[in-house]
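Examining the three-dimensional arrangement
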Amino acid sequence: MNSAKYVFGKTLRMISLLIALCIVSFILVKNSPIDPVQAYIGADMMRVSEEQREQIAENWGLDKPPVEQFFNWAGAIVKGDFGSSMIYREPVIDVIGKRFAASLALMGVAWVLSGIFGFIMGIVAGMNQGKLIDRAIKWYCLTLAATPTFWLGLILLMIFSVGLGWFPIGLGVPVGVLSENVTLSEKLYHLILPALTLSIVGVANIALHTRQKLLDVLASDYVLFARANGESGFGLVWKHGLRNISLPAVTLQFASFSELFGGSVLAEQVFSYPGLGQATVQAGLRGDVPLLLGIVLISAVFVFTGNLIGDIICSVVDPRIKEGRSSV
Amino acid sequence: MNGLSKAENNLFGGIIGSGSLHLQLNRRQKTLIVIGISSTLLIAIMIAAQLMSNQAIATNFSQQNLAPSWAHPFGTDWLGRDMFTRTIKGLSISIQIGLLASSVSVVIALVLGMCAATMGKKVDAAISWLVDLFMGVPHLVALVLIAVVFGGGAKGVIIGVALTHWPSLTRVIRAEVMQVRTSQYVQISRHLGRSRLWIATKHILPHLLPQFFVGLILIFPHAILHEAAITFLGFGLSPHSPAIGVILSESMGYLAAGMWWLAFFPGLSLLIIVRAFDVIGDNLRTLLDPHSAHE
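Residue indices begin from 1 for each chain and proceed along its sequence in written order. Each chain takes a letter, starting from A, and each ligand takes a number, starting from 1, following the order in which they are written. Whole-chain, interface and lining totals are the exception, using all residues; otherwise, since this is a predicted model, local features are given only for residues with pLDDT of at least 70 and side-chain atom pairs are given and counted only at 80 or more. Derived side-chain values reflect all non-hydrogen atoms in the structure, with water molecules and hydrogen atoms excluded from consideration.

**Examining the overall build of chain B**
A count of helices and strands for chain B gives 11 helices and 0 strands. Think of it this way: any DSSP run of H or I at least four residues long counts as a helix, any run of E at least two long counts as a strand, and we number them from the N terminus. Going from the N terminus to the C terminus, chain B shows its helices and strands as α-α-α-α-α-α-α-α-α-α-α. Only protein chains enter the accessibility calculation, which uses a 1.4 Å probe; a residue whose area is less than 20% of its type maximum is buried, one above 50% is exposed, and one in between is partly exposed. In chain B, which comprises 295 residues, the share counted as buried stands at 47%. Considering only contacts within chain B whose residues lie at least 6 apart along the sequence, 68% involve residues at least 24 apart. When the accessible surface of chain B is summed, it comes to about 14500 Å², and 67% of that surface belongs to carbon and sulfur atoms. When checking whether two residues touch, look at their non-hydrogen atoms; a contact exists if any pair is within 4.5 Å. Per-residue accessibility takes into account occlusion by the displayed protein chains alone, with areas from the Shrake-Rupley method and a 1.4 Å probe.

**Some thoughts on the domain arrangement of chain A**
Residues and elements named next belong to chain A. For chain A, the assigned domains read domain 1 (2-78) and domain 2 (92-321). Taking both sides of the interface into account, the surface hidden between domain 1 and domain 2 amounts to around 1200 Å²; carbon and sulfur atoms contribute 85%. Here a polar contact is taken to be a pair of N or O atoms separated by no more than 3.5 Å, where protein atoms must pair a possible hydrogen donor with a possible acceptor and residues adjacent in sequence count only if both atoms sit in side chains. Joining domain 1 to domain 2, the criterion identifies 0 residue pairs in polar contact (both at pLDDT 80 or more). Within the residue set of the side of domain 1 that touches domain 2, elements represented by two or more residues are α1 (2-30) and α4 (66-78). Top contributing element to the side of domain 1 that touches domain 2 by residue count: α1, with 11 residues. An automatic or database domain assignment supplies the residue ranges for each domain. Buried area: the sum, over both parts, of the accessible surface (1.4 Å probe) that disappears when the two are put together.

**As for the interface of chain A and chain B**
Each side of the interface is counted separately: chain A has 42 residues, and chain B has 40 residues. For the pair chain A and chain B, the summed buried area comes to about 3600 Å², and 81% of that belongs to carbon and sulfur atoms. Ranking the residues of chain A by area buried against chain B places Phe150(A), Trp151(A) and Met158(A) at the top, with a combined share of 17%. Every case where a carboxyl oxygen of Asp or Glu lies within 4 Å of a side-chain nitrogen of Lys or Arg is listed as a salt bridge. Across the chain A-chain B interface, the total number found is 1 salt bridge. A salt bridge links Arg13(A) to Asp132(B); its shortest N-O distance comes to 2.9 Å. Where chain A touches chain B, the interface holds 3 residue pairs in polar contact (both at pLDDT 80 or more). For the side of chain A that touches chain B, the elements supplying multiple residues, two or more each, are α1, α6 (132-145), α7 (149-163), α11 (257-270), α12 (276-285) and α13 (289-317) of chain A. With 9 residues, α1(A) is the single largest residue contributor to the side of chain A that touches chain B. Along the lines of polarity and charge, the residues of the side of chain A that touches chain B split into 30 nonpolar, 11 polar and 1 charged. Three classes are used: nonpolar for Ala, Val, Leu, Ile, Met, Phe, Trp, Tyr, Cys and Pro, charged for Asp, Glu, Lys and Arg, and polar for all others, with Gly counted as polar.

**Observations regarding the confidence of the model for chain B**
Taken over all residues, the pLDDT of chain B has a mean of 77, while the share at 70 or more is 81%. Scored between 0 and 100, pLDDT is the confidence that the predictor attaches to each residue. Predicted confidence is poor over residues 1-21 of chain B, with pLDDT under 50, and the contacts of this stretch with residues over four places away or in other chains come to 12 contacts.

**Side note on the pattern of salt bridges**
Overall, the coordinates contain 5 salt bridges over all chains when judged by the stated rule. With a closest N to O distance of 2.8 Å, Arg171(B) and Asp132(B) form a salt bridge. Taken as a pair, Arg171(B) in helix α7 (residues 167-181) and Asp132(B) in helix α4 (residues 120-136) lie far apart in primary sequence, 39 residues in all. Connected through shared salt-bridge partners, Arg13(A), Asp132(B) and Arg171(B) make up one network.

**Topic: the environment of Ala228(A)**
Residues and elements named next belong to chain A. Summarising the element assignment, Ala-228 is placed in helix α9 (residues 221-228). According to the relative accessible area criterion, Ala-228 is exposed, its value standing at 64%. Measuring from C-alpha to C-alpha, the distance between Ala-228 and Thr-280 comes to 57 Å, with 52 residues separating the pair along the chain.

**Section: unusual backbone geometry**
Trans is the common state for peptide bonds, and a negative phi is the common state for residues other than glycine. Residue and element names in this part refer to chain A. Here Ser-272, not a glycine, exhibits a phi torsion of approximately 45°, which is positive. Following the sequence through the fold, Ser-272 ends up in the loop between α11 and α12. Of the residues examined, Ser-272 reaches a relative accessible area of 25% and is grouped as partly exposed.

This is the structure in structure tokens:
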């Protein structure tokens, strides 16, 4: 009951934020120097007369006052109609749907890998505090946190694609093959390098966080007591540490959707992977306003969903949070 | 280090029993030295970028595509431009944009954090809602949106980077102000009849200054990385300016030809700069934080 209330409250807040996001982005775009008609016409600028341009503007309702335009746009979005993309010439929702699937595969692989490896690295470092392996892991994580994702992608590309020739240079699918005919193994093959890039960068945060949590736990009284009882090594961590450090790790990993999305934008650009990140860049560079606004909203929903899942898992799994809320 | 500190060490060693006699420097001195080295590196890059002539990055077809050598430590590109000079100038641009953007972000965070903590529940709710709004959109997507609507180019990037780095620091400052405000000595001060302004400037502000400076330096690396990322994606500075993002995105076309140095060195330099800022920020926090200042 309480959990349901909690989730409901969070969702309500999300909806209010989404509405605000619509308003803010609409105002921003309205006052920007982007001319949607020009973005639509593109290279055919010379062949389109002034009257035709006005007709396009009228057809889109651009001659109406901004407030009316906003309500038309927002009303359509509530019905699930995000308009149509100018550069891909199909409904925004279709573009996003198709590309999000590709991006989700990429982000999902990277997310799972970085979560597992980051957690293990954090535990190893925390158990060996001050030793060489701890310092090595810490140094590695701090350095990775300072590494530009796209540069790491370029380095991997140079080593594995150009140098060793194991992987293709870019493109999500083989050249000269229709997208329907691409097999799953080919898709996976093209996924490896970008996913590897995101995973390598992704471990830093979770590893450092887990390490710190484990150190806190190991300094506690109950661990001291356990040690006095003769427990030590991995058994001690397994019995007394794991539960305490896994929850924050789960929350953190679900809260990392924002960075994950940003990282995938960069990785997709480096490896020419046809996902949502690449569409974001194209929409921005070529002034495709409907697509850009659609991506902004969808990515916000994505980030929120991550946070919400993290919260729900915590409130279901952690008895303290459950009790804490019911007593309030 | 010198005679005095050694004597002090001996003194303390004598008192505590087993002091850190074997260490020649205490942690505070080490921290200061690390900060000094990192700062020197950054300042040296800024000065070097000003002193270097533009001749080295002019098109020079007699020196195309050279691998790294003593004359060209980072090699040259397909237009015969010296990559070392371009990298240093690019880093200098990055540092300047980073400085500007993080200053703006820190000021926004300071003002909003103070307001949230002192101006009542409604303002607090409004500001935490605003923070959630900004944190709800993936940072890079927000950057793209802002850079695009402000017309792209250097202006769009600077505005974008400056306007998106304040939310997390705002939360920190809000929590800090809340904590100081409810502490006993502030309550007593209020009961003694001190005005709100007096309390704000004499009690709260001194606590915020360390947060302010550390925040400024710790936002820096993020700002620089985001500037490079958005420039790499093609939104930022014009292709003629020697920004790191531009250099790396240009290099993509030449990787297949085996010209690894075009991407390797500029990116590595950026990594070192970002790391230098991280090191300064972390060490400064250790020094300024009363809990760890005397370790």
